[in-house]
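What follows is each chain in one-letter form.
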Amino acid sequence: MKLLIVLTSHDKLGETGKKTGFWLEEFTAPYYEFLDAGAELTLASPKGGQPPLDPKSSEPDAQTETTARFHKDDNARQALANTVKLSDVSADDFDAVFYPGGHGPLWDLAEDADSIALIEAFWNAGKPVSAVCHAPGVLRNVLIDGTPLVKDKRVTGFSNSEEDAVGLTDIVPFLVEDELKKNGGDYSKAADWRSYAITDGKLITGQNPASSKAVAQALLKMLGGAEISK
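In this section: the nonpolar core. Formed by 36 residues in total, the largest nonpolar core has its most connected members in Leu4, Tyr99 and Leu118. Contributions of two or more residues to this core are made by strand 1 (2-6), strand 4 (96-99), helix 5 (113-124), strand 5 (129-132) and helix 7 (176-182). The element contributing the most residues to this core is helix 5, with 5 residues. Residue contacts for tyrosine 99: discarding those within four places in its chain leaves Val6, Leu109, Ser115, Leu118, Ile119, Ser130, Ala131, Val132, Ala135 and Val138. Formed by 25 residues, the second largest nonpolar core is a distinct cluster that contains Leu3, Phe22, Tyr32 and Leu220.

What follows is the structure, encoded as structure tokens:
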């Protein structure tokens, strides 16, 4: 089982002068679900190398068992520091793709030609596409036979109310919930900050950081690669 994890290379939070990037828990929770299931993992990003970490995801109240495990895991930290360039990977070499969120992907991966082509290639090959929190926003320009990939599919992603709660509604380039609906997705959500993941065919999406493990488990279940932990 070979899985591709695609992370952002974008570190600027609009014009605020603050930093952004990927959200640590949204990477570590799936990373260890996949690793513990025996998956072979490849990490990629548009620029390659170390992807930027959203500094807020390193704050004490954002830490989890998997983030603690990551900080003690030299192999994982080394893998993250040396992501391959997105332009150098092919869907042919993997069984599925997963996108962690954080605000960074809204600026780069949502518009990145290599990312868009990669998702289309996975989809056209009948391989699962999965994303959590802000990362479903990377689907905004993905077309299958001229139609948005999310059209008429049950999807979720970071909600407008959650974006409002973190005070970034007027900072982000687009709102994930609005964009999914605009492209014809059948969007739904749970209460803010609760775990919520949806599978529709080969598409798996999760609402927020707390949904990261559920998305990873759904992907493993789809691939038949692991018994789902309780």
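Orientation of helix 1 (residues 24-36) relative to helix 8 (residues 212-223), taken along the N-to-C sense of each, is 30°, at an axis distance of 8 Å. Like other packed secondary-structure pairs, helix 1 and helix 8 cross with a definite hand, here right-handed. Residues Glu25, Glu26, Ala29, Pro30, Glu33 and Phe34 of helix 1 form the contact with helix 8, whose participating residues are Ser212, Lys213, Ala216, Gln217, Leu219 and Leu220. The residue inventory of the contact of helix 1 with helix 8, partitioned by class, reads 6 nonpolar, 2 polar and 4 charged.

Strand-to-strand pairing in sheets goes through backbone hydrogen bonds, with the strands running parallel or antiparallel. The strand order across the open sheet built from 7 strands is 3-2-1-4-5-11-10, with neighbouring strands paired in mixed fashion. Each edge of the sheet is formed by a strand with only one pairing partner; in this case those strands are strand 3 (84-85) and strand 10 (197-200). Along the sheet, helix 5 contacts strand 1, strand 4, strand 5 and strand 11 (203-206); its crossing angle with strand 4, the most-contacted strand, is approximately 140°. Packed on one face of the sheet, helix 8 meets strand 1, strand 4, strand 5, strand 10 and strand 11 and runs near 165° to strand 11.

Mean pLDDT over the protein stands at 96; residues scoring 70 or higher make up 97%. Confidence drops under pLDDT 50 across residues 226-230; counting only partners more than four residues distant or on other chains, this segment forms 7 contacts.

For isoleucine 198, the position within the fold is in strand 10. Under the relative-accessibility criterion, isoleucine 198 is labelled buried at 4%. Between the C-alpha atoms of isoleucine 198 and alanine 214, which are 16 residues apart in sequence, the distance is 9.1 Å. When near neighbours in sequence (up to four residues on either side) are disregarded, isoleucine 198 contacts Arg154, Val155, Thr156, Ser188, Leu203, Ile204 and Thr205.

Summed over the entire model, instances satisfying the criterion amount to 6 aromatic pairs. Relative to phenylalanine 27, the ring of phenylalanine 22 lies with its centre 6.0 Å away and its plane at 75°, an arrangement referred to as edge-to-face. You'll find phenylalanine 22 and phenylalanine 27 in the same group, each marked buried. Linked through ring pairs, Phe22, Phe27, Tyr31, Tyr32 and Phe70 together constitute an aromatic cluster. The cationic tip of arginine 140 hangs over the ring face of phenylalanine 174; the distance from NZ or CZ to the ring centre is 4.0 Å.

Time to look at the pattern of salt bridges. Overall, the coordinates contain 8 salt bridges when judged by the stated rule. A salt bridge links glutamate 111 to arginine 140, with the nearest nitrogen and oxygen atoms 2.5 Å apart. With glutamate 111 in the loop between helix 4 (104-107) and helix 5 and arginine 140 in the loop between strand 5 and strand 6 (143-144), the pair connects residues that are 29 residues apart, well separated along the chain. The partner of arginine 154 in a salt bridge is aspartate 200, with the nearest N and O atoms 3.8 Å apart. Taken together, the residues arginine 154 in strand 8 (residues 154-155) and aspartate 200 in strand 10 connect sequence positions 46 residues apart. Several salt bridges share partner residues, and in doing so they unite Asp11, Lys12 and Lys19 into one network.

Calculation notes
Residues numbered from 1 in each chain as written. Predicted model: local features only at pLDDT ≥ 70, side-chain atom pairs only at ≥ 80, totals over all residues. Heavy atoms only, no water. Core = buried A, V, L, I, M, F, W, Y, C linked by side-chain atoms within 4.5 Å. Buried < 20%, exposed > 50% of the residue type's maximum accessible area, 1.4 Å probe, protein only. Helix = DSSP H or I, 4+ residues; strand = E, 2+ residues; numbered from the N terminus. Contact = heavy atoms within 4.5 Å. Axes fitted to C-alpha atoms, helices over the stretch in contact; angles between N-to-C directions. Left-handed = near helix turned anticlockwise from the far one by under 90°. Nonpolar A, V, L, I, M, F, W, Y, C, P; charged D, E, K, R; others polar. Pairing = 2+ DSSP bridges. pLDDT = per-residue confidence, 0-100. Phe/Tyr/Trp six-rings, centres within 6.5 Å; stacked < 30°, edge-to-face > 60°. Lys NZ or Arg CZ within 6 Å of the ring centre and 35° of its normal. Salt bridge = Lys/Arg side-chain N within 4 Å of Asp/Glu carboxyl O.

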